[in-house]
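Observations on the three-dimensional arrangement
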Amino acid sequence: VIIDEWDALFREAKNDTDLQKEYIRLLRGLFKSSLTDSMIEAAYMTGILPIKKYGTQSAMTDFREYTMLSPKRLAKYAGFTETEVRQLCEDYGMDFGEAKRWYDGYSFKNVPSVYNPNAIMRAMQNQEFGSYWTETETYEALKIYIDMDFDGLREAILSMLGGEKCPVNTGTFQNDLTSLRSRDDVMVLLIHLGYLAYDGEAEKVYIPNEEIRQEFFLALKHSGHWEIAKLVKESDELLRAALNLNGEKVADAIEKMHSASTAPIFYNNEQALRSVIRLAFISCMEQFREIQELPSGNGYADMVYLPKKGSVMPIMLVELKWNKGAEGAIAQIKERNYPEVFEGYGSEVLLVGISYDERTKKHECVIEKWRK
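Source: prediction; values computed, not measured.

Description of the pattern of salt bridges
A full pass over the atoms with the stated rule returns 17 salt bridges. With a shortest N-O distance of 3.7 Å, R213 and E210 are connected by a salt bridge. With R213 and E210 both in helix α10 (residues 210-221), this residue pair falls three residues apart, about one helical turn. Taken individually, R213 and E210 each receive the classification buried, so the pair is uniform in this respect. One salt bridge connects R278 with E290, and the closest N-O pair in it is separated by 2.8 Å. Taken as a pair, R278 in helix α13 (residues 270-280) and E290 in strand β11 (residues 288-296) lie far apart in primary sequence, 12 residues in all. Among the residues examined, R278 registers a relative accessible area of 15% and is labelled buried.

Take a look at the structure:
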């Protein structure tokens, strides 16, 4: 017996609990009766959701489950592996680094990199990287779950947009779309839907790649909640200040965002600073593409914002310093010649140095135009 999309009824008639129970009784009658062994040699069911749970037990315990939380030996079939994507990029003449940035991020115990297969195929066929998620889903679906805001869910998502990982308890999820009672339940659902990736060892969730990051940004931006609207507005103002070389205003904006309730990230190292900076520059997602640790000159540029195709925006090259001055960040950019990689790119380059002083709790920002 083969049943494709076994959970379609739970997704299409998610509020009809009587119909769902009748459906589960049918499946139990097929696969858990005294006659099952004499009638059925094997059964294979696929779907987005694991088998429905009632309480803590599965409605059908005889099945071996392979899920996005625990794919076990089937992990390498959850999507394309890195070896497969490298070969596809070579065959189609596409940049493997960009493919990784856009579509990698799902990771399992024995398979560290799993790529979104639909997006990889579309990108290769179209010869263009971008978000293909909306061909199968829409940010409106994601927005519904974010708007529930159980236990500060929106704040957790904002933290993940900044690059953080959030702890999650996967045990309470009932494997349907309506029995959602906590932030953990929603985040586990988003793991199964592919919107979040799961680190099984750390028991944490995170946004896997640039494609999904853009979907979350759109959902948050159009959520209609005042705190999100305020964050986006402040980020818009920060971007304008950066383009006007107003480092003092940029530093003030970053400081406000760090202390705001919408950015609950506590500094303890440069990586935490990086998370807040990514969140502060969230408006850049519409006009730029962000690259972390870009090899350039004699080292790696911390963060680079490249204008999207057809944009007249400048390139922004951001260097971060912890307990050191922002001038030092600018000096490092020049000494190591980070802008070298952009020669011939055709866009103006802005050098942005941002620092945080652990003693004074103050941010500092210096912005200059690159002059060779």
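Description of the pairing of strand β15 (residues 362-369)
Here strand β14 (residues 349-357) runs beside β15; their pairing, made up of eight bridges, is antiparallel. Bridge pairing links I354 to C365 in β15. The antiparallel hairpin formed by β14 and β15 contains four residues in its connecting segment, where K361 sits at a positive phi of about 60°.

A closer look at α10
For the α-helix, the turn length of 3.6 residues means that residues three or four positions removed from each other point alike. Under the 1.5 Å per step criterion, the end-to-end length of α10 is 16 Å for 12 residues, consistent within 8% with the ideal 16 Å. Burial analysis of α10 places 10 of its 12 residues in the buried class, the great majority of the element. Where α10 is concerned, the buried positions are E210, E211, I212, R213, Q214, E215, F216, F217, A219 and L220. For α10, the N-terminal cap is N209; the gap from its side-chain oxygen to the backbone nitrogen of E211 is 3.2 Å.

Looking at unusual backbone geometry
Of note in the backbone geometry, N175 takes a positive phi value of approximately 65° without being a glycine. For N175, the position within the fold is in the loop between β8 (166-167) and α9 (183-192). Even without being glycine, E293 reaches a positive phi, approximately 50°. Tracing the sequence through the fold places E293 in strand β11. Classification of E293 as partly exposed rests on a relative accessible area of 38%.

Focus on the sheet that holds strand β9 (residues 197-199)
The three strands are arranged β8-β10-β9 in an open sheet whose pairing can be described as antiparallel. Looking along the sheet, the strands with just one partner apiece sit at the ends: β8 and β9. In this sheet, strand β10 (residues 204-206) lies alongside β8 in antiparallel orientation, the contact comprising two bridges. The residue of β10 that forms the bridge with P167 is K204.

Comments concerning the sheet that holds strand β6 (residues 106-108)
Reading across the sheet, the three strands line up as β5-β7-β6 and stay open at both edges, with antiparallel pairing between neighbours. In the strand order of this sheet, the two ends are held by β5 (80-81) and β6, each with one partner. Of the pairings in the sheet, the one linking β6 to strand β7 (residues 111-115) comprises two bridges and is antiparallel in character. Along β7, the bridge assignment pairs F108 with V111.

How each quantity is defined
- Residues numbered from 1 in each chain as written.
- Predicted model: local features only at pLDDT ≥ 70, side-chain atom pairs only at ≥ 80, totals over all residues.
- Heavy atoms only, no water.
- Salt bridge = Lys/Arg side-chain N within 4 Å of Asp/Glu carboxyl O.
- Helix = DSSP H or I, 4+ residues; strand = E, 2+ residues; numbered from the N terminus.
- Buried < 20%, exposed > 50% of the residue type's maximum accessible area, 1.4 Å probe, protein only.
- Pairing = 2+ DSSP bridges.
- Expected span 1.5 Å × (residues − 1).
- Polar contact = N/O pair within 3.5 Å; in protein donor to acceptor, adjacent residues only side chain to side chain.

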